[in-house]
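Structural overview
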Amino acid sequence: MTTEQTTSPPRAGVGIAAQGLTRSVRSGRQILADVSLSIVPGELVAIIGASGAGKTTLLEVLAGIQRPTTGTVTYDGTAGAGAIGVVPQDDIIHRELPLARTLRYAARLRLPASTGATEISARVAEVLAELRLTDRAATPVGLLSGGERKRASIAVELLTRPGVFFLDEPTSGLDPAIAVELLRVLRALADAGATVVLTTHQVTDVDHCDRVVVLTRAGRLAFSGSPAAAREFFGLRSLVEVHLRLDEATRPTEWPDRFATQRTTEQRPTEQQPATAQRTTERPAAEQPATAQRTTERPAARTADDCGLAATPTRRVGRLRQWAVLTARNAEIVARNRLTLAILLGSPLMVLGMFALLFRPGAFEPTTPSPTVTVMILFWIAFGGFFFGLTYGLLQICTELPVLRRERLAGVRLAPYLLAKVAVLLPLLALVDLALLGVLRGMDRLPPVGGSDFAALYATLLLSSAAALALGLLCSAAVSDAAQATLMLPMLCFPQVLFVGAILPVPAMAVGGQWLSYAMSNRWAFEGLGHTAGVERLWRDGGSPLGPPLLATYGESFSRPVWVDWLVLGGFVLLFLGAAWAVLLRRDPRRAS
């Protein structure tokens, strides 16, 4: 025992002490029940248990992602820790970018703003080398193997040199050979000084770990100690059968009570003694030589800092820098994904082609106007801008919610995140809207307005697209996946068709419909376009007998100044973006903590 204490180099890992943890959900079901355990700096720990035993919940409570209903978690005896790395079960990184580019963006979001480009490149190269991914640096993440993507996820967290890693099912879905290779990587990280805690369904993973934590189906602690001690405690040759042994118990608390009694009779320390002493007393004598051998074989000069694992002081990157980094990353993701870029630019071209086939030229001719056709042209132009913005924003957040949750834990703020989406997508919408109006004007589908009026038409359409983009981001933030977002598309579009005032003028609607029309951003775009196009004058002074009766049914719809419509549309943009921010904040994994 003294050999390990005196020969070990200084550790950069974080000791964790959990006392009396319980976690209940709103329905009253208890997921964790009075779990107390200690984890020594530099240990590799596996949390096992049957499905529904609360493994992921315990991991997230230990990591500070979830808040326990009762109980405390302390790091090295304090209520907080320095840098913590959390690697969820899924491969939570963008797949479009090359691995090295992904890590550079992650480093710029995580490392202090004073970190220069040279230092960032050096840190990325160091992490790639440590995880044996250097030869895959230029490979897009989506083309990496399963084990390489897992190591890439670890690499993102390793950039900040955390003292503790939390990994949820890191070997899930990997073939045995790749899983063993990944566990060797985690073993190396622990040997270098980091504390590593993982959950696993593969009980064979436990043999690579220093400690195993066993949970019952009721979320109770059945055992915590070395794998050899666990086999002895449960009377098993292999822990593969540990779940059956727990299920064979005559009462749910049988094994937790046995462990609590054993821990009391052996007087094992939990909080009073140093973590290192606890580590040596909890392991049976048969386990001590392996640990001692592992520590004495390390070169004396090899410290945790040499391994790139010394804790970096936590310092949040400023909002402006986050916005710039996220904007650059979003733009590169869009540019590298040719299919997405083709859809973003190709779908408006298809709509424009349909408009050209649908609308006849000369509808706005002052001598022979067609009032009903002008209504439809203006409405479908307004709806086109709305549709483009909505579809651009609808899939932006829900498809990368896991990435956002992970980056929120790393300090990414929501406002820069949302504004980065707008910064990339709004210029594309501006290009599309300009092309729409320009082509229709060149094909005589718009009134022959001057430059200032054309600019006003463009401003109205662009504000309509921006409001729809913000609405799409809001809905994308509220759903969980792309399928749900797709189902929302018709529900969002139909009201913008029926209650805008084109099919049925707003003054002619029932009272409920009139009130609902105020909430339709497309109404204000439609009426703004009509005012700038001069439909009141065209319908009143034109030669069509339909003009005056149609104008009477619309009342004052087109008579207000266009800047009023702009203010309303701008208000929708701010309202929807603010609502998206609030929804994401409510879904924040750290909110409860």
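Quick caveat, the model's predicted, so the values are computed rather than measured. (Residues numbered from 1 in each chain as written. Predicted model: local features only at pLDDT ≥ 70, side-chain atom pairs only at ≥ 80, totals over all residues. Heavy atoms only, no water.)

Observations regarding the environment of threonine 22
Heads up, the condition is: Secondary structure is summarised from DSSP: a helix means a run of H or I of at least four residues, a strand means a run of E of at least two, and numbering begins at the N terminus for each. Exposure categories follow from relative accessible area, calculated using a 1.4 Å probe and restricted to protein chains: below 20% of the type maximum is buried, above 50% is exposed, and the middle band is partly exposed. Contact between two residues is taken to exist if any of their heavy atoms lie within 4.5 Å; hydrogens are not considered.
Relative to the assigned elements, threonine 22 resides in strand β1 (residues 16-24). Threonine 22 gets classed as buried once you look at its relative accessible area, which sits at 12%. Residues threonine 22 and aspartate 34, spaced 12 residues apart in sequence, show a C-alpha to C-alpha distance of 5.3 Å. Setting aside residues up to four positions removed in sequence, threonine 22 forms contacts with Gln30, Leu32, Ala33, Asp34, Pro68, Thr69 and Thr70.

A word on helix α12 (residues 319-336)
Since there are 3.6 residues in each turn of an α-helix, residues three or four apart along the chain are aligned in direction. Cut-off, in case you're wondering: In a helix, the anticipated span is given by 1.5 Å times the number of residues less one.
Taking 1.5 Å as the rise per residue, α12 with 18 residues should run 26 Å; its terminal C-alpha atoms sit 26 Å apart, in good agreement. Regarding α12, the residues found buried are Gln322, Val325, Leu326, Thr327, Arg329, Asn330, Glu332, Ile333 and Val334. Buried residues in α12 make contact with α3 (99-110), α13 (338-358), α15 (401-409) and α16 (414-442).

What to know about the nonpolar core
One broad rule of soluble globular proteins: the nonpolar side chains tend to lie buried together. The line we're drawing: What makes a nonpolar core is a set of buried Ala, Val, Leu, Ile, Met, Phe, Trp, Tyr and Cys residues whose side-chain atoms join them at distances within 4.5 Å.
Residues Ile381, Phe526, Trp539 and Leu584 are the most contacted members of the largest nonpolar core, which totals 88 residues. Every residue in contact with isoleucine 381, bar those within four places of it in the chain, is listed here: Phe355, Leu436, Leu437, Leu440, Leu446, Leu461 and Leu529. In terms of nonpolar packing, the next biggest core, distinct from the first, is built from 82 residues, Leu58, Val87, Val185 and Val206 among them.

What to know about unusual backbone geometry
Positive phi, close to 50 degrees, is recorded for arginine 161, a residue that is not glycine. The residue arginine 161 is located in the loop between α5 (146-158) and β6 (164-168) in this model. Positive phi, close to 50 degrees, is recorded for glutamate 169, a residue that is not glycine. With respect to the helices and strands, glutamate 169 occurs in the loop between β6 and α6 (176-191). Judged by relative accessible area, which is 6%, glutamate 169 ranks as buried.

Points about the confidence of the model for the protein chain
In low-pLDDT regions, the fine details of the predicted coordinates are not to be read closely. Heads up, the condition is: The pLDDT value tells you how sure the predictor is about a given residue, anywhere from 0 up to 100.
Looking at the protein chain as a whole, the pLDDT averages 82, with 86% of positions reaching at least 70. This stretch, residues 268-314, has a pLDDT under 50; its non-local contacts, to residues over four places away or in other chains, come to 91 contacts.

Focus: the packing of α16 against helix α23 (residues 562-586)
Packed helix pairs are specified by the crossing angle of their axes together with the interaxial distance, meaning the distance between the axes. As a reminder of what qualifies: Here the axes come from fitting lines to C-alpha atoms, over the contacting stretch only for helices, and the angles between their N-to-C directions go from 0 to 180 degrees. Oblique is the label for any angle not covered by the other classes, which are roughly parallel (under 35 degrees), roughly antiparallel (over 145) and roughly perpendicular (65 to 115). Handedness of a crossing follows from how the near helix is turned relative to the far one, being left-handed for an anticlockwise turn of less than a right angle and right-handed for a clockwise one. Amino acids are sorted into nonpolar (Ala, Val, Leu, Ile, Met, Phe, Trp, Tyr, Cys and Pro), charged (Asp, Glu, Lys and Arg) and polar (every other residue, Gly among them).
Put simply, α16 and α23 touch, their axes get as near as 10 Å, and they point 135 degrees apart. One way to sum up the angle between α16 and α23 is to call them oblique. Crossing of α16 over α23 shows right-handed handedness. Between α16, through Leu414, Ala415, Tyr417, Leu418 and Val422, and α23, the contact on the second element is made entirely by Leu577, Ala580, Trp581, Leu584 and Leu585. Counted by class, the contact of α16 with α23 contains 10 nonpolar, no polar and no charged residues.

Some points on the pattern of salt bridges
Two side chains carrying opposite charge are able to pair once their charged atoms lie near each other. To keep it simple, the criterion reads: Here a salt bridge means any side-chain nitrogen of Lys or Arg lying within 4 Å of a carboxyl oxygen belonging to Asp or Glu.
Per the stated rule, a full pass over the model turns up 20 salt bridges. Through salt bridges with shared partners, a single network forms among Arg523, Glu527, Arg560 and Asp565.

What about the pairing of strand β7 (residues 195-199)?
Here is the rule we go by: Pairing between strands is defined by DSSP: at least two bridges between them are needed. A clockwise path from the first strand over the helix to the second, with the strands pointing away from the viewer, defines a right-handed crossover.
With five of five residues buried, β7 is to be regarded as a mostly interior element. The two faces of β7 match: Thr195, Val197 and Thr199 on one face and Val196 and Leu198 on the other face are all buried. With four bridges connecting them, strand β3 (residues 44-49) and β7 associate as parallel partners. Residue isoleucine 47 lies in a different strand from β7, and its bridge partner there is threonine 199. As paired strands, β6 and β7 are joined by five bridges and run parallel to one another. Note on β7: the bridge partner recorded for leucine 167 is leucine 198. Taken together, β6, α6 and β7 form a β-α-β motif whose crossover is right-handed.

So, the sheet that holds β3
Pairing in this open sheet of six strands is mixed, and the strands run β5-β6-β7-β3-β8-β9 from one edge to the other. Bordering the open sheet on either side are β5 (84-87) and β9 (221-225), each of which pairs with just one other strand. The sheet shows a mean angle of 15 degrees between the axes of neighbouring strands, direction not considered.

Thoughts on the sheet that holds strand β4 (residues 70-75)
The strand order β2-β1-β4 describes an open sheet built from three strands, whose pairing is antiparallel. The outermost strands of the open sheet, each flanked by one partner alone, are β2 (30-39) and β4. Ignoring which end each strand starts from, the neighbouring axes of this sheet average 15 degrees apart. Examined bridge by bridge, β1 and β2 share six bridges and lie antiparallel to one another. Within β2, the residue paired with alanine 17 across the bridge is serine 38. Packed onto the sheet, helix α2 (residues 55-63) meets β1, β2 and β4 and runs at close to 55 degrees relative to β2.

Quick word on the side chain of arginine 445
Which entries qualify depends on this criterion: Only four residue types enter the tally: Lys and Arg on the positive side, Asp and Glu on the negative side; His and the chain ends are excluded. Side-chain atoms alone can form a polar contact between residues adjacent in sequence; in general such a contact is a pair of N or O atoms within 3.5 Å, and within protein one must be able to donate a hydrogen while the other accepts it.
Looking at the element boundaries, arginine 445 is found in the loop between α16 and α17 (451-478). As a buried residue without a salt bridge, arginine 445 has its nearest oppositely charged side chain in aspartate 444, at a separation of 6.9 Å. A polar atom in the side chain of arginine 445 sits 2.8 Å from the backbone oxygen of phenylalanine 359. In contact with arginine 445, not counting residues within four places along its chain, are Ala356, Phe359, Arg360, Pro361, Phe364, Ile377 and Leu440.

Notes on the packing of aromatic side chains
Put simply, the test is: Whether two aromatic rings pair depends on their centres lying within 6.5 Å, for rings of Phe, Tyr and Trp, where Trp uses its six-membered ring; planes under 30 degrees apart make the pair stacked, over 60 edge-to-face, and the rest tilted.
Taken as a whole and assessed by the stated rule, the structure comprises 20 aromatic pairs. For the pair phenylalanine 526 and tyrosine 554, a centre-to-centre distance of 6.5 Å together with 55 degrees between the ring planes defines the contact as tilted. Here phenylalanine 526, found in helix α20 (residues 521-533), pairs with tyrosine 554, found in helix α22 (residues 547-554); they are 28 residues apart in sequence, far enough to count as distant. Summarising the burial analysis for this pair, phenylalanine 526 and tyrosine 554 share the class buried.

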